[in-house]
Amino acid sequence: MANPKVDRDAFQRRMRLIYNKWSSADSNDDLHGIESIVCAVGADEAIVYSKSMSLQIWLFGYDLGDTIMILTKTGIHFLASKKKIDFIKQVDTNKENNLGFPPIHTINRDKVDKDKKNMETLMTVLNESGGKVGYFKEKYTNEFYQSFKNMMDKQKFSQVEISQRIAKILSVKDETELSIIKKSCSATIELHKYLRSQILDIIDGDKKMKHIKLSQMVDEAVHNKKYVTSVDLNSVDVTFPTIIQSGGRYQLKFSMQSDKQFLHFGSIVCCLGVRYKNYCSSICRTYLVNPSPETSSNYEFLLEVINFLLEKLVDGAIIREIYTGVIQFIKRRKPNLESKLTKNLGFLTGIDFRESSMVINDKCSAVVKKGMVFNLAVGFTDLENKSAKDEESKKVAIFLGDIVVVNQSEPATCLTAGAKKKISSISVKIKEEDEESSESDEGEVEGILGRGMRRTILDSRTRTETTNEDKRLSHQKRLAQRLNDEAKERIKGMKTGNVQKKLRKAYVSYGTDSLFPNESETKHLQIFIDRKYDTIVLPILGLPTPYHISNVKNVSQSVEGHHTYLRINFYCPGASLGRVDGSIFHNPEATFIKELTYRASNLKSSIDSSIPSTNLSTAYRLVKEMQREFKAREQLQKEKEQTVKQEALKLSETRAAPRLKDLYIRPSVTSKRLSGTLEAHLNGFRYTSVRGDKVDILYSNIAHAFFQPCDNEVTIIVHFNLKDPIFFASKRHQDIQFYAEVGELTTDLGKNQHMHDRDDLRAEQAERELRHKLKSAFKNFCEKAEAQSKGEVTFESPFRKLGFHGAPHRSNVLLMPTSTCLVSLVEWPPFVVALEEVELVHFERVQFHLKNFDMVFVFKEYTRKVAYINSVPMNQLDHVKEWLNSCDIHYTEGIQSLHWQKIMKTIVDDPEGFMENGGWTFLEPESEEEGGGNDEDSEDDAYNPTDSEEVEESETGSEESEEDWSNEDDSASQEEGDSEEESGKDWDELEEEARNADKQRDLDEVAPPLPKKHHKSHKKSPEKRKREHSHSDKHHKKRKL
């Protein structure tokens, strides 16, 4: 490295700390009685960590090989090469006073006599200091170091080993050190993501890979800018060779090395680390392939143990007591795992990867202090897997490790939380098929019994085999039972009964008489609109009477003949209040005016200066405007009151905060669409438009975060679904989206295009490059934001292959599942449903002759409005069922649409009664409420019209059913397209029927039809004719509308 520079302030601060601890050492301190400290560093590439080297790095930021430093009460002496002496002189403080440590003296090495005179000079310095000499016990074997060591041994100084005492001084990290360690952790997280992708690729492709090969690939990736992007690669190295273990052979130690065994798809233990600017960090994770329920339970318990350890690791705690507390926690929860626990729970880390004097075990009596950084490494080994199918899977180990920093009183902060460790992130499920065994069985049967007999047995097997549909139905039955059981437990705490009605807010127009307007209109008993106090002054019985605008229900104006009428309706007890806040008046026993009507002439007399009705028209317009403004203000105030107040955003002090530029926000901050920049700070995101508008989103308020790439789309999206809505642009918003446009949203069809046009080819190439650039930038931003939030925010990407079309709002869109949600983000408003909040899904209008069906999402919180997805293609039904079944979500189906508002209101009013009556079983296909009878009987009835009476009855039934369906359609507000789908006929067939009907009507007008010979007379009763007439009137009115 050319011309390295020393952080002079850090050197002075840290050297001053050493001398302060030295001068204030008491009799129990290792530094007590020591008059000089010797720090000699040799040159040996095999030695990576040593205490004397750590002291050098702590003071100077660099490793200075073949350098001797002697600290005395009167001076600091260095012996090194000329180049290193020039580097050390950057911190020469002889010209400065009151620094808290003595001046610096330097000696250049002399290779002629192999530094004999120089070392004698250093011996003289030690002899003049007298007393004990503090030193570091090292294992350097080069000639320079050994010469100095031999010379010290000849002097027979009283030497004291001070490695542990210096380690305590170095244990508490300052802000500069913590900043470097955080960057080191970021690099480790990035390297872990590379390892994770490689492991998943090996499992997905069923590849063979040796542990040592995979380890070497990870160690090489640390120097690849493609995988490690957050730090300077010139300052990066591996903390230790990456450790990969699987196949039942586990030793949960950092001293282990990866062997040459192939990676086994069972329990895969991975340990890796990055050393940035000589500060260490590491991560340990365990990947589980097809884990048994017991293994998954043990892994979840290990996460609880680590969380318990983080809570105990606070300032002032004693390490031995922390270890004892964890052991007691394990004994109390799962005593059988105590013997499987690792021998220690971690150790202090920093410049030295492992500080042996600060290991978390039952022997260490050191006190934890704020600013210490620990490498927590906890695991269970030799766990038995009773459901193992091979020898390698019988023994399982789980191991987790993270870098944490100690706080004052709060639990320790995990700096490597960006490396996911939830069971859903580390477990992999592989579907196994037993095709080979079935084929061998068929071969044996054919050889023994002959070909004809084999066919009979295969037919028998086909009848008894369980299909995917049978498996799905059996799984759904279990889910239905579990759903009802969970619902019963959940509704025990629900409050029943009517909701308490809110009291209407009382507005006062004028608090005192002096505020009453003294205008000409009030004096002449005309209608006066007081906008300042939102009041209408109306003349009543010769007196001007004020009414606040909140009491006005509606106002209307009409002209009849030569007069204009103004009608004003007021809210009063007993009247329909509509969607207003509160339905109870403060004094319901008072006398209320329900309606007032004023009349004025439209004719101007010679006495009048203007038309009398002008005042009514003006009053009508002003009242409408004032009503609109008042409701807008009230709605704005209501939304502000309902908005949860958030804590302030903590801005990142560094300029290297993750940032995305040239983004648009939805919903827009202003009426015009403006671009801006999205930044990830310490506790949240901030979007700043080019105009300066700011929108802050805290990590703690994000329920779900999504990243949708620009594959087959014209936009690339980062979307946040919030726990509590935030307020901006005069509204509350639950979903906020940031996007960038990739291609042209519109295409000019009138442009002459040619497949070999160079401009078009160049534009396509530029678009492909832009897509790749934006995709990389957005992906990098999401990864850095996850690391910045310390795992509090995790971005999910939709699975396009699992998507299906539907209309959650007005337009038909592609709905795509993520790992936790079902989303549609491209068109606004978005559709986001969290699967963990869904109670069940009901399919409506599931009939084979229809092209589409509807989906209804019922949530566990019964007071929440159900979510609809309309017009899902019928050929996607099995696909949607399979997806819901894989997510353990119960679904039901029916042939008609239900009135869910009434259903949910009934459930909320009496949830216990609802569960006593069977709960959600009324939605099941075999339920009588849904089907209305046996399907086979209905089919027989439909195809059995033998004589005229049965034909007449069937016609009557069909007419009545049509009446019911029309009422059902009117009440449910179905779209007009539903009738076309129910008919199952295209336009050509409908037109052909219309032409035939016209021809038949023309024939009827010429000659009435003759009665049929072989049927009874079709005379209809008066009641039936009345029904038909009413039915035809309804259809006539409907067509007219």
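What you are looking at is a predicted structure, and each value in this text was computed from that prediction instead of being measured.

Reading across the sheet, the three strands line up as E17-E18-E19 and stay open at both edges, with antiparallel pairing between neighbours. The strands lining the two open edges of the sheet, one partner per strand, are strand E17 (528–530) and strand E19 (543–548). Put simply, the sheet's adjacent strands are angled 30 degrees from each other on average, direction ignored. As defined by bridge partners, E17 adjoins strand E18 (residues 535–540) across three bridges and the pair is classed as antiparallel. The residue of E18 that forms the bridge with Phe528 is Val537.

What follows deals with the pattern of salt bridges. Under the counting rule described, the total for this entry stands at 36 salt bridges. Asp174 is the partner of Arg14 in a salt bridge, and the nearest nitrogen-oxygen pair spans 3.1 Å. In this pair, Arg14 sits in helix H1 (residues 8–23) while Asp174 sits in the loop between helix H6 (163–171) and helix H7 (175–204), placing the two residues 160 residues apart along the sequence. For the pair formed by Arg14 and Asp174, the shared burial category is buried. Where Glu595 meets Arg567, a salt bridge forms, and the shortest distance between an N and an O atom there is 3.0 Å. In this pair, Glu595 is assigned in strand E22 (residues 595–601) and Arg567 in strand E21 (residues 563–570), connecting sequence segments 28 residues apart. A cluster of three or more residues bridged by salt bridges with shared partners is formed by Arg531, Arg621, Glu625 and Glu629.

Viewed as axis vectors pointing N to C, helix H14 (residues 468–491) and helix H18 (residues 877–886) meet at an angle of 50 degrees, and their least axial separation amounts to 11 Å. Between H14 and H18, the angle falls in the class oblique. Crossing hand, H14 versus H18: left-handed. Where H14 approaches H18, its residues Arg472, His475, Gln476 and Leu479 are matched on the opposing element by Asp878, Lys881, Glu882 and Asn885. Partitioning the contact of H14 with H18 into residue classes produces one nonpolar, three polar and four charged.

Now for H6. With respect to burial, H6 is a largely interior element, seven of its nine residues being buried. Within H6 the residues assigned to the buried category are Ser163, Arg165, Ile166, Ala167, Ile169, Leu170 and Ser171. Contacts from the buried residues of H6 go to H1, helix H2 (51–60), strand E6 (159–161), strand E11 (346–348), strand E12 (355–359) and strand E13 (373–384).

A word on unusual backbone geometry. Omega for the peptide link from Arg666 to Pro667 comes to -5 degrees, which places this bond in the cis form. Following the sequence through the fold, Pro667 ends up in the loop between strand E23 (659–666) and strand E24 (675–680). A cis amide bond links Trp828 to the next residue, Pro829, at an omega of 5 degrees. Take Pro829: it is sitting in the loop between strand E33 (821–824) and strand E34 (831–834). Of note in this structure, Lys277 is not a glycine but carries a positive phi near 50 degrees. Relative to the elements of secondary structure, Lys277 occurs in the loop between strand E9 (267–276) and strand E10 (279–289).

Here H1 spans 22 Å end to end across 16 residues, near enough to the 22 Å set by a 1.5 Å rise per residue. For H1, the set of buried residues is Ala10, Phe11, Gln12, Arg14, Met15, Ile18, Tyr19 and Trp22. Looking at the packing, one finds that the buried side of H1 touches strand E1 (34–41), H2, strand E2 (67–72), strand E3 (76–80), strand E4 (104–108) and H7.

A few words now on the packing of aromatic side chains. As enumerated under the stated definition, the model contains 36 aromatic pairs in all. Geometrically, the ring pair formed by Phe254 and Phe399 is tilted, given 6.3 Å between the ring centres and 55 degrees between the ring planes. Within this pair, whereas Phe254 is found in the loop between strand E8 (243–245) and E9, its partner Phe399 is found in strand E14 (residues 395–405), the two being separated by 145 residues in sequence. The residues Phe254 and Phe399 share a single accessibility class, namely buried. Seen in terms of ring centroids, Trp920 and Phe922 are 6.2 Å apart; in terms of plane orientation they differ by 25 degrees. Their pairing is stacked. Of the two residues, Trp920 and Phe922, both sit in the buried class. One aromatic cluster in this structure is built from Phe685, Tyr687, Tyr699, Phe720, Phe738, Phe781 and Phe795. Here Arg109 stacks its cationic end above the ring of Phe144, 4.2 Å away from the centre of that ring. Positioned above the aromatic ring of Tyr739, the side-chain terminus of Arg666 is 4.7 Å from the ring centre.

For the rest of this paragraph, the subject is the side chain of Ser393. Structurally, Ser393 is set in the loop between E13 and E14. Within the structure, the side chain of Ser393 is placed 3.5 Å from the side chain of His264, a separation counted as a polar contact. Apart from residues no more than four positions distant in its own chain, Ser393 is found in contact with His264, Asn385 and Ala388.

Turning our attention to the packing of helix H9 (residues 293–312) against helix H10 (residues 319–333). As a packed pair, H9 and H10 sit with axes 10 Å apart at the nearest point and diverge in direction by 145 degrees. For the pair H9 and H10, the sense of crossing is right-handed. In this structure, H9 contributes Phe301, Glu304, Val305, Phe308, Leu309 and Lys312 to the contact, and H10 contributes Ile322, Gly325, Val326, Phe329, Ile330 and Arg333. Of the residues contributing to the contact of H9 with H10, the split by class is eight nonpolar, one polar and three charged.

The rules behind each value
Residues numbered from 1 in each chain as written. Predicted model: local features only at pLDDT ≥ 70, side-chain atom pairs only at ≥ 80, totals over all residues. Heavy atoms only, no water. Pairing = 2+ DSSP bridges. Helix = DSSP H or I, 4+ residues; strand = E, 2+ residues; numbered from the N terminus. Axes fitted to C-alpha atoms, helices over the stretch in contact; angles between N-to-C directions. Salt bridge = Lys/Arg side-chain N within 4 Å of Asp/Glu carboxyl O. Buried < 20%, exposed > 50% of the residue type's maximum accessible area, 1.4 Å probe, protein only. Parallel < 35°, antiparallel > 145°, perpendicular 65-115°, else oblique. Left-handed = near helix turned anticlockwise from the far one by under 90°. Contact = heavy atoms within 4.5 Å. Nonpolar A, V, L, I, M, F, W, Y, C, P; charged D, E, K, R; others polar. Expected span 1.5 Å × (residues − 1). Phe/Tyr/Trp six-rings, centres within 6.5 Å; stacked < 30°, edge-to-face > 60°. Lys NZ or Arg CZ within 6 Å of the ring centre and 35° of its normal. Polar contact = N/O pair within 3.5 Å; in protein donor to acceptor, adjacent residues only side chain to side chain.

Treat this as a map of the structure, not an account of what it does.
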